[in-house]
Amino acid sequence: QVQLVESGGGLVQAGGSLRLSCAASGNILSSNFMGWYRQAAGKQHELVAAMAESGATNYAASVKGRFTISRDNAKNTVYLQMNSLKPEDTAVYYCTYGRSSLWATDYWGQGTQVTVSS
């Protein structure tokens, strides 16, 4: 199995930036997909961004141009750089690990809260 631990969440003013990190451990496949989902209060979870070890990416339309996903494959770590944050970005952000595609979410982290104030 795979364990995921997120860090970097917090409170930030609108227009500010945060960088989330997620370290994976356990039975890591050489080819895998890591990413970020978020869930705002009262809403369904949604894909934010995902990245294959090959470099292929997938972004939600709402964050394209503002957020950037990156990976350090040697450290089994994925990052999410979030710029120009908006109040609507407020949510719990979850790190995910998948085996089959950019949309796969076989394992989930514990989540980290991101709150953007006006």
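See the structure shown above.
Since we're looking at a predicted model, the values are computed, not measured.

Undergrad: I'd love a proper account of the side chain of Thr-96, names of residues and values included.
TA: Mapped onto the elements of the fold, Thr-96 is located in strand S9 (residues 91-98). Leave out the neighbours within four places in its chain, and Thr-96 touches Leu-4, Phe-33, Met-34, Gly-35, Trp-36, Tyr-37, Thr-105, Tyr-107 and Trp-108.

Undergrad: Could you give me a rundown of the pattern of salt bridges, with the residues and numbers involved?
TA: Tallying each qualifying case throughout the model produces four salt bridges. Two residues, Arg-66 and Asp-89, come together in a salt bridge whose shortest N-O distance is 2.8 Å. Within this pair, whereas Arg-66 is found in the loop between strand S6 (57-59) and strand S7 (67-72), its partner Asp-89 is found in the loop between strand S8 (77-82) and S9, the two being separated by 23 residues in sequence. According to the relative accessible area criterion, Arg-66 is buried, its value standing at 11%. One salt-bridge network, held together by shared partners, links Arg-38, Glu-46, Arg-66 and Asp-89.

Undergrad: Outline the packing of aromatic side chains, listing residues and values.
TA: By the definition in use, this model includes three aromatic pairs. Judged by centre distance (5.4 Å) and plane angle (55°), the ring pair of Tyr-37 and Trp-108 falls under tilted. Here Trp-108 lies in strand S10 (residues 107-108) and Tyr-37 lies in strand S4 (residues 33-39), a separation of 71 residues in the sequence. Using a relative accessible area of 9% as the deciding quantity, one classes Tyr-37 as buried. With a relative accessible area of 36%, Trp-108 lands in the partly exposed category.

Definitions and limits used
- Residues numbered from 1 in each chain as written.
- Predicted model: local features only at pLDDT ≥ 70, side-chain atom pairs only at ≥ 80, totals over all residues.
- Heavy atoms only, no water.
- Helix = DSSP H or I, 4+ residues; strand = E, 2+ residues; numbered from the N terminus.
- Contact = heavy atoms within 4.5 Å.
- Salt bridge = Lys/Arg side-chain N within 4 Å of Asp/Glu carboxyl O.
- Buried < 20%, exposed > 50% of the residue type's maximum accessible area, 1.4 Å probe, protein only.
- Phe/Tyr/Trp six-rings, centres within 6.5 Å; stacked < 30°, edge-to-face > 60°.

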